[in-house]
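The primary structure of each chain is shown beneath.
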Amino acid sequence: MKLVFNKNNQAEIFFRPVLQNEKSILSLVNKESLVRLDKEKFQGKSGQVFVSHTTEQTIVLIGTGQKTKLSVEDCRIMAGQMVNYLHKYSAKNIGLVAKDWIKVNVLDLGQALAEGLSLASYSFEKYKKKDDSKIKVNIEEVLVELNTNQRNKFRKGWSKGLILAQGTNYARDLVNEPANIMTPTFLAKQALVLGKSNKNISVKVLDKAQVKKLGMNAFLGIDQGSIEPPKFIHLIYKPQKVKDKIALVGKGVTFDAGGLNIKPFEGMRQMKNDMSGAATVLGIFSVISELKPNREVHGIIAACENMPSGTAIKPGDVVKNMQGKSIEIKHTDAEGRVTLADSLAYAQAQGIKKIVDLATLTGAIMYALGTHYAGLFSNDHKLGKELLKEAELSGEKLWLMPLAEEYRELGKSEIADISNISSTRYGGAITAALFLEEFIEAGTIWAHLDIASPAYAETPLNSYTPIGGVGFGVRTILNWLVK
Ligand code: BES
Ligand code: ZN
Ligand code: ZN
């Protein structure tokens, strides 16, 4: 997507957001359209669209509703709406005004528009027969009307937005890939490819024997029912100057059948997405060296399947993680936290004191927060606050949840150090987070994002997030890393 300034008259299709009852509405369309504007009662209400044509150009007015000013997220949403319009009307170059209707910082604006346009253009069609009759959205040029003194800032934001969207779309691809292709081996291969094509990134993939040697028997316990070999993936991004060391841990269950406590039809349907946390970590690594954060970033993924079989782990079994803590597996479908017990332990064994994990961990978080929000848990107020702020600016919905001390005893086991499920089904997202915290050592700062809801969109989450893998967290975490 090429960015061109002030050649708006050359745009095949031209978009103009209109605030509700904006005074200048009448000057935006030609005389012939004025009557129709009135007849269609276009007033700039949210969701209203008005289209007028000249021989050279299509003009689309997008109603933004009653707002005195537009937020960064409003701009991203509008960019998405423009792209969705292009499914009906094909155009290779589009124009938009960014001059007078925006009050947000022009760098943020450039970033939001680039993100909205390229995130909304995403589709996953590799398994579909090519249909030439379908209009394919392919924006080559974006013509933006903007004052000369603002262009540099806009361009800077624009480039950043394109990079963030690219990382997100890469993560979406990984999530959308079906589990017969997206095996632990395949996932590890993607990580190795990222390492090969990037001199700042090194990648280690540990096989089953190496994982066993390290004592990751919690991870291996979950894996043991599958015929797919497990892979433990460790990526390292090293900048020239290191300010900080951070581990990003992603849940990498490439298919969650539930194990012997097998899931019913409805529950198993989307379980190829149980590696979304891992996808987000790889999405971040796919573009991290273009953004050059001055932090050493470790990506850590324990990749396996959770399958029922004659070799599968059984309810009542006890396994130990690499810290030597014993876990009673009371429910084989609460597997993610068990694999994470080893991923978190491994991260800390690397001497890392700051960890953010992303995991499609519980159905309970979906009941708590609905389809759009991820839950945030943290043992560090400052880290939690930083992530909430970046999420807000990124348009990724994140909500603070409590690590409620009162519920910790619900995770006790009669025969092991801890049980992998709580004794009650209430507060399931919280008790899962408390389980993870048991593996966080003194002095480690940690945040956990339960992304079970927004990792996968059953219906579009908004104008720029279509059905399928969302790549949730890529933008928030990257924005946070470069701060
Ligand atoms: N992968 C699931 C959680 C999940 C549910 C992710 C829906 C995305 C959409 C997780 O491994 C799981 O099965 N959790 C159980 C835990 C329960 C057995 C304590 C759940 O939430 O039902
Ligand atoms: Zn499960
Ligand atoms: Zn799972």
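The coordinates are above.
Just so you know, these numbers come straight off a predicted model, no measurement behind them.

Visitor: I'd like to hear about the sheet that holds strand β11 (residues 317–320), residue by residue, with values.
Guide: Whether parallel or antiparallel, the strands of a sheet pair through hydrogen bonds between backbone atoms. As summarised here, the arrangement of the three strands in space is β11-β12-β16, forming an open sheet in which the pairing is mixed. Unpaired on one side and paired on the other, β11 and β16 (418–419) mark the two borders of the sheet. Pairing of β11 with strand β12 (residues 326–329) involves four bridges; the strand directions are antiparallel. Across the sheet, Lys320 pairs through a bridge with Ser326, a residue of β12.

Visitor: Describe the side chain of Thr362, and please don't skip the residues or the numbers.
Guide: As for its position among the elements, Thr362 is in the loop between β13 (354–359) and α11 (364–369). Of the residues examined, Thr362 reaches a relative accessible area of 7% and is grouped as buried. Reaching out from Thr362, the side chain makes a polar contact with the backbone nitrogen of Ile365 at a distance of 3.1 Å. With sequence-adjacent residues up to four places away left out, Thr362 is seen in contact with Arg337, Gly428, Ala429, Ala432, Asp450 and Ala452.

Visitor: Residues and numbers for the coordination of the zinc ion (ligand 3), please.
Guide: Looking at the zinc ion (ligand 3), the protein donor atoms are Lys251 (NZ), Asp256 (OD), Asp274 (OD) and Glu335 (OE), and they sit 2.0 to 2.4 Å from it. Each of the six donor atoms around the zinc ion (ligand 3) contributes to a set of angles spanning 77 to 174 degrees, which defines the coordination as octahedral. Sequence positions of the donors to the zinc ion (ligand 3) reduce to the motif K-x4-D-x17-D-x60-E. Separating the zinc ion (ligand 3) from the zinc ion (ligand 2) is a gap of 3.2 Å, bridged by Asp256, which donates to each. Pair noted here: Asp256 is in strand β9 (residues 244–256) and Glu335 is in the loop between β12 and α10 (336–349), with a separation of 79 residues, a long-range link. Accessibility expressed as a relative area gives 1% for Glu335, which makes it buried.

Visitor: An account of the environment of Pro454 is requested, with residue identities and associated values reported.
Guide: Following the sequence through the fold, Pro454 ends up in the loop between β17 (445–450) and β18 (456–457). When the C-alpha positions of Pro454 and Glu405 are compared, they lie 26 Å apart, and in sequence the two are 49 residues distant. Residues within four places of Pro454 in sequence aside, it is in contact with Thr371, His372, Tyr373, Ala374, Leu461, Val470 and Phe472.

Visitor: Mind laying out the coordination of the zinc ion (ligand 2), listing which residues take part and the relevant values?
Guide: Those protein atoms acting as donors to the zinc ion (ligand 2) are Asp256 (OD), Asp333 (O), Asp333 (OD) and Glu335 (OE), and they sit at 2.0 to 2.2 Å. The coordination sphere of the zinc ion (ligand 2) comprises six donor atoms, whose angles at the metal cover 74 to 171 degrees; the geometry is irregular. Under the relative-accessibility criterion, Asp256 is labelled buried at 3%.

Visitor: With reference to specific residues and values, describe the packing of helix α4 (residues 151–176) against helix α14 (residues 474–481).
Guide: Between α4 and α14, the least distance of the axes is 9 Å, while the angle of their chain directions is 135 degrees. Here α4 is positioned oblique relative to α14, judged by the angle of their axes. When the axes of α4 and α14 are compared, the crossing they make is right-handed. On α14, the residues that touch Lys160, Leu164, Gly167, Thr168 and Ala171 of α4 are Val474, Arg475, Leu478 and Asn479. When its residues are assigned to classes, the contact of α4 with α14 shows four nonpolar, three polar and two charged.

Visitor: Describe the packing of aromatic side chains, with residues and values.
Guide: Summed over the entire model, instances satisfying the criterion amount to nine aromatic pairs. Geometrically, the ring pair formed by Phe42 and Phe50 is tilted, given 6.0 Å between the ring centres and 50 degrees between the ring planes. Take Phe42 and Phe50: they sit in the same class, and that class is buried. Here a set of aromatic residues connected by ring pairs shows up, and it is made of Phe5, Phe154 and Trp158.

Visitor: Residue-level account of the pairing of strand β5 (residues 93–97), with values.
Guide: Counting buried residues in β5 gives five out of five residues, a clear majority hidden from the surface. Of the two faces of β5, both are covered, the one formed by Asn93, Gly95 and Val97 as well as the one formed by Ile94 and Leu96. Pairing between strand β2 (residues 13–19) and β5: three bridges, direction parallel. Pairing of Phe14 across the sheet is with Gly95, part of β5. Of the pairings in the sheet, the one linking β5 to strand β6 (residues 141–145) comprises five bridges and is parallel in character. Its bridge partner lying in β6, Asn93 is registered against Glu141.

Visitor: Quick one: what's the story with the layout of surface pockets, residue by residue and with numbers?
Guide: Taken as a whole, the largest pocket holds about 1,200 Å³ of empty space. When residues of the lining of the largest pocket are traced back to their parent elements, those giving at least two are β9, α8 (265–268), α10, α11, α13 (428–437) and β18. The biggest single contributor to the lining of the largest pocket is α11, with three residues. For the lining of the largest pocket, the residue count by class is 13 nonpolar, 17 polar and eleven charged. Within this model, the second largest pocket holds a volume of roughly 700 Å³. Lining the second largest pocket are 27 residues, with Tyr122, Ser123, Phe124, Glu125 and Lys134 sitting closest to its centre. Broken down by class, the residue content of the lining of the second largest pocket amounts to nine nonpolar, nine polar and nine charged.

Visitor: Could you give an account of helix α2 (residues 72–85), with specific residues and numbers?
Guide: Quick reminder: α-helices carry 3.6 residues per turn. Residues three or four places apart thus point the same way. If you check α2, its first and last C-alpha atoms are 20 Å apart, about what 14 residues at 1.5 Å a residue would give, namely 20 Å. Counted residue by residue, α2 has eleven buried out of 14 residues, so it is predominantly covered. By the burial criterion, the buried members of α2 are Val72, Glu73, Asp74, Cys75, Arg76, Met78, Ala79, Gly80, Met82, Val83 and Tyr85.

Visitor: Before we move on, can you summarise the sheet that holds strand β3 (residues 49–53) with the specific residues and values?
Guide: Taken together, the six strands give an open sheet; going across it, the order is β1-β6-β5-β2-β4-β3, and neighbouring strands pair in mixed fashion. Both edges of this open sheet fall to β1 (2–5) and β3, since each of them pairs with a single strand only. Direction aside, neighbouring strands of the sheet carry axes that sit 25 degrees apart on average.

Visitor: Lay out helix α12 (residues 381–394) in plain terms, naming residues and giving numbers.
Guide: Given a rise of 1.5 Å per residue, 14 residues ought to cover 20 Å, and the 20 Å separating the end C-alpha atoms of α12 matches this to within 8%. Of the residues making up α12, those classed as buried are Leu383, Gly384, Leu387, Glu390, Ala391 and Ser394. Projection of α12 onto a plane perpendicular to its axis shows the buried side chains occupying an angular sector of 135 degrees, all on one side. Exposed and facing more than 90 degrees away from the buried side of α12 are His381, Lys382, Lys385, Lys389 and Glu392. Next to the buried residues of α12 lie α2, β13, β14 (374–378), β15 (398–400), β17 and α14. Of the residues one or two after α12, Gly395 is the one with positive phi, at around 75 degrees.

Parameters at a glance
- By convention here, each chain's residues receive numbers from 1 onward along its written sequence.
- Throughout, the order in which chains and ligands are written sets their labels, letters from A for the former and numbers from 1 for the latter.
- Note on the predicted model: pLDDT of at least 70 is required for a residue's local features to be given, and 80 or more for side-chain atom pairs to be given and counted; whole-chain, interface and lining totals, by contrast, use all residues.
- Side-chain numbers here rest on the full set of heavy atoms in the structure, without hydrogens or water.
- Strand pairing follows a simple DSSP-based rule, namely that at least 2 bridges must link the two strands.
- Only DSSP runs of H or I with at least four residues qualify as helices, and only runs of E with at least two residues qualify as strands; both kinds are numbered from the N terminus onward.
- To sort residues, take the accessible area from a 1.4 Å probe on protein chains only and compare it with the maximum for the residue type: under 20% means buried, over 50% means exposed, and anything in between is partly exposed.
- Any N or O atom pair separated by 3.5 Å or less is treated as a polar contact, with the protein-specific requirement of one donor-capable and one acceptor-capable atom, and with residues adjacent in sequence counted only for side-chain atom pairs.
- In this description, contact between two residues means that some pair of their heavy atoms is separated by no more than 4.5 Å.
- Counted as coordinating are nitrogen, oxygen and sulfur atoms within 2.8 Å of the metal, or 3.2 Å for Na, K and Ca, while water is not included, which may make sites look incomplete.
- Site shape is set this way: if four donors have all angles between 85 and 135 degrees, tetrahedral; if opposite donors are over 155 degrees apart and all others between 65 and 115, square planar for four donors and octahedral for six; otherwise irregular.
- Throughout, an axis means a line fitted to C-alpha atoms (over the contacting stretch in the case of helices), and angles, computed between N-to-C directions, take values from 0 to 180 degrees.
- Here roughly perpendicular refers to angles of 65 to 115 degrees, roughly parallel to angles under 35, roughly antiparallel to angles over 145, and oblique to all remaining angles.
- Take the far helix as your reference; a near helix turned counterclockwise from it by less than a right angle gives a left-handed crossing, and one turned clockwise gives a right-handed crossing.
- Only Asp, Glu, Lys and Arg are considered charged, only Ala, Val, Leu, Ile, Met, Phe, Trp, Tyr, Cys and Pro nonpolar, and every remaining residue, Gly among them, polar.
- When the centres of two rings from Phe, Tyr and Trp lie within 6.5 Å, Trp using its six-membered ring, the rings pair. Their planes under 30 degrees apart give stacked, over 60 give edge-to-face, and anything left gives tilted.
- The definitions used throughout rest on a 1 Å grid laid over the protein atoms alone, on which a cavity is an enclosed set of points accommodating a 1.4 Å probe that cannot get out and a pocket is an open set flanked by protein within 12 Å on both sides along at least five of seven lines; lining residues are those having an atom within 4 Å of a point.
- Grid points are joined across faces, edges and corners, and a volume is the space filled by probe spheres set on the points.
- Given a helix with a known number of residues, its expected span is that number minus one, times 1.5 Å.
- Here the arc refers to the set of directions running from the helix axis out to each C-beta atom.

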